[in-house]
Amino acid sequence: MLDWFLLFLQIMLINIVLSGDNAVVIALASKNLPVHQRKQAIWWGAFGAIGLRLVMTVVAVYLLTVPYIQAAGSLLLLWIAIKLLGDDDSHANIKEASSLGKAIWTIIVADFIMSLDNVLAIAAKAQGNIPVIILGIGLSIPIIIWGSTLVMNLLHKFPILVYVGAGILGYTAGEMFVSDEKMQDYVLHHNGTAHWVIPVITTIVVIAAGFIWKKSHSSARPA
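Not measured: the values here are computed from a predicted model.

What about the overall build of the protein?
Item 1. A count of helical and extended segments in the protein gives 12 helices and zero strands.
Item 2. Counting from the amino terminus, the protein carries its helices and strands in the arrangement α-α-α-α-α-α-α-α-α-α-α-α.

Structure representation (structure tokens):
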């Protein structure tokens, strides 16, 4: 029961960290609508996006059982984790919509594109536990609907949460790599030490690389 609860908490933290930009997308996409239509766009857009995300995650769970897919996914997740720390402007090119239908469509499409990281991270961390996936993603509905300002303020106020979330992603990427049977057969040769050393290394790599990237981007921006 404790393992289940800890897994759920990790999925929720991943959801919160990776849903920050998705919440901003909703705010931007519905910005120019009348107040009553804005609420409709938020609800319908969020539910459509969550439904699509749930399907994508369940599919990803089964795809990760295919040989080599898990190893490839671990490298992608490693990149996502580093990018999470280094890139603060992924929502900057989302445009405001002028009608309810366009706003809902913008929210769903943007969430689909931006949720690939969320889907991969949750599918990898849950390791086939579909009830935890459904619960974790289901609880992201209120996070996305009501939490747009709260999530962004929380992450700005406590930047350490972003590093904690990215660290979890880095550790998960390492776990994915060592869990791939083909990697065990041909690269790791079923070395027991690698099961904990590689996730620790990938966690350190993510935090260090993300920190360096963030610093270099900050110094490159005009004052």
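Section: a nonpolar patch on the surface
Item 1. A grouping of Met1, Leu2, Trp4, Phe5, Leu6, Leu9, Leu135 and Leu139 is seen on the molecular surface, where their side chains present a nonpolar patch of about 800 Å² in accessible area.
Item 2. Position of Phe5 among the secondary structure elements: in helix H1 (residues 2-18).

Some points on the packing of helix H3 (residues 35-63) against helix H7 (residues 130-138)
Item 1. The interhelical angle for the contact between H3 and H7, taken along N-to-C directions, is 155°, at an axis separation of 10 Å. Considering their axes alone, H3 and H7 lie roughly antiparallel with respect to each other. As H3 packs across H7, the resulting crossing turns out to be right-handed. For the pair H3 and H7, contact is made by Ile50, Arg53, Leu54, Thr57 and Val61 and by Ile130, Ile133, Ile134 and Ile137, respectively.

What about the nonpolar core?
Item 1. Leu77, Leu169 and Val206 are the most contacted members of the largest nonpolar core, which has 34 residues in total.
Item 2. Those elements that provide at least two residues to this core are H1, H3, helix H4 (69-86), helix H6 (116-126), H7, helix H10 (160-179) and helix H12 (194-220).
Item 3. Discounting residues that sit within four places of it in the chain, Leu77 has contacts with Leu120, Ala121, Ala124, Leu169, Thr172, Ala173 and Met176.
Item 4. Counting residues in each nonpolar core, the second largest holds five residues, with Leu33, Ala41, Ala103 and Ile104 among its members.

A closer look at the packing of aromatic side chains
Item 1. Following the criterion strictly, the structure yields one aromatic pair and no others.
Item 2. Look at Trp79 and Trp213: their rings are 5.4 Å apart centre to centre, the planes differ by 25°, and that puts the pair in the stacked class. Note that Trp79 is positioned in helix H4 and Trp213 in helix H12, a separation of 134 residues in sequence.

Observations concerning unusual backbone geometry
Across the chain, the bulk of peptide bonds are trans and the bulk of non-glycine residues have phi less than zero.
Item 1. Even without a glycine there, the phi angle at Tyr68 is positive, about 75°.
Item 2. When you line up the elements, Tyr68 lands in the loop between H3 and H4.
Item 3. For His190, which is not glycine, the phi dihedral falls at a positive 55°.
Item 4. With respect to the secondary-structure elements, His190 resides in the loop between helix H11 (181-188) and H12.

Topic: the packing of H4 against H10
Item 1. Taken N-terminus to C-terminus, the directions of H4 and H10 make an angle of 165°; their axes are 8 Å apart at the nearest point. By the angle between their axes, H4 is roughly antiparallel relative to H10. Remark: the crossing between H4 and H10 carries left-handed chirality. Note on element contacts: H10 touches H4 through Val162, Tyr163, Ala166, Leu169, Gly170, Thr172, Ala173, Met176, Phe177 and Ser179, opposite Gln70, Ala71, Gly73, Ser74, Leu77, Leu78, Ala81, Leu84 and Leu85.
Item 2. Split by residue class, the contact of H4 with H10 holds 13 nonpolar, six polar and no charged.

Focus: the environment of Ile104
Item 1. Tracing the sequence through the fold places Ile104 in helix H5 (residues 100-114).
Item 2. Residues Ile104 and Trp44, spaced 60 residues apart in sequence, show a C-alpha to C-alpha distance of 6.5 Å.
Item 3. The contact partners of Ile104, leaving out residues within four places of it in the chain, are Ala41, Trp44 and Gly45.

As for the confidence of the model for the protein
Item 1. For the protein, the mean per-residue pLDDT works out to 75, and 72% of the residues sit at or above 70.
Item 2. Scored below 50 in pLDDT, residues 89-94 makes 10 contacts in the model with residues more than four places away or belonging to other chains.

Considerations on H7
Item 1. For H7, every residue scored as buried is listed here: Val132, Ile133, Gly136 and Ile137. Buried residues of H7 fall within an arc of 120° about the axis and therefore sit on the same side.

Some thoughts on the side chain of Gln70
Item 1. Mapped onto the elements of the fold, Gln70 is located in helix H4.
Item 2. If near-sequence neighbours (up to four positions away) are discounted, Gln70 is found in contact with Leu64, Met176, Ser179 and Asp180.

About the thresholds
- Residues numbered from 1 in each chain as written.
- Predicted model: local features only at pLDDT ≥ 70, side-chain atom pairs only at ≥ 80, totals over all residues.
- Heavy atoms only, no water.
- Helix = DSSP H or I, 4+ residues; strand = E, 2+ residues; numbered from the N terminus.
- Patch = residues over 30% accessible without salt bridge, like charges linked within 9 Å, V, L, I, M, F, W, Y side chains within 5 Å.
- Areas by Shrake-Rupley, 256 points an atom, 1.4 Å probe, with all protein chains shown as cover.
- Salt bridge = Lys/Arg side-chain N within 4 Å of Asp/Glu carboxyl O.
- Axes fitted to C-alpha atoms, helices over the stretch in contact; angles between N-to-C directions.
- Parallel < 35°, antiparallel > 145°, perpendicular 65-115°, else oblique.
- Left-handed = near helix turned anticlockwise from the far one by under 90°.
- Contact = heavy atoms within 4.5 Å.
- Core = buried A, V, L, I, M, F, W, Y, C linked by side-chain atoms within 4.5 Å.
- Buried < 20%, exposed > 50% of the residue type's maximum accessible area, 1.4 Å probe, protein only.
- Phe/Tyr/Trp six-rings, centres within 6.5 Å; stacked < 30°, edge-to-face > 60°.
- Nonpolar A, V, L, I, M, F, W, Y, C, P; charged D, E, K, R; others polar.
- pLDDT = per-residue confidence, 0-100.
- Arc of directions from axis to C-beta.

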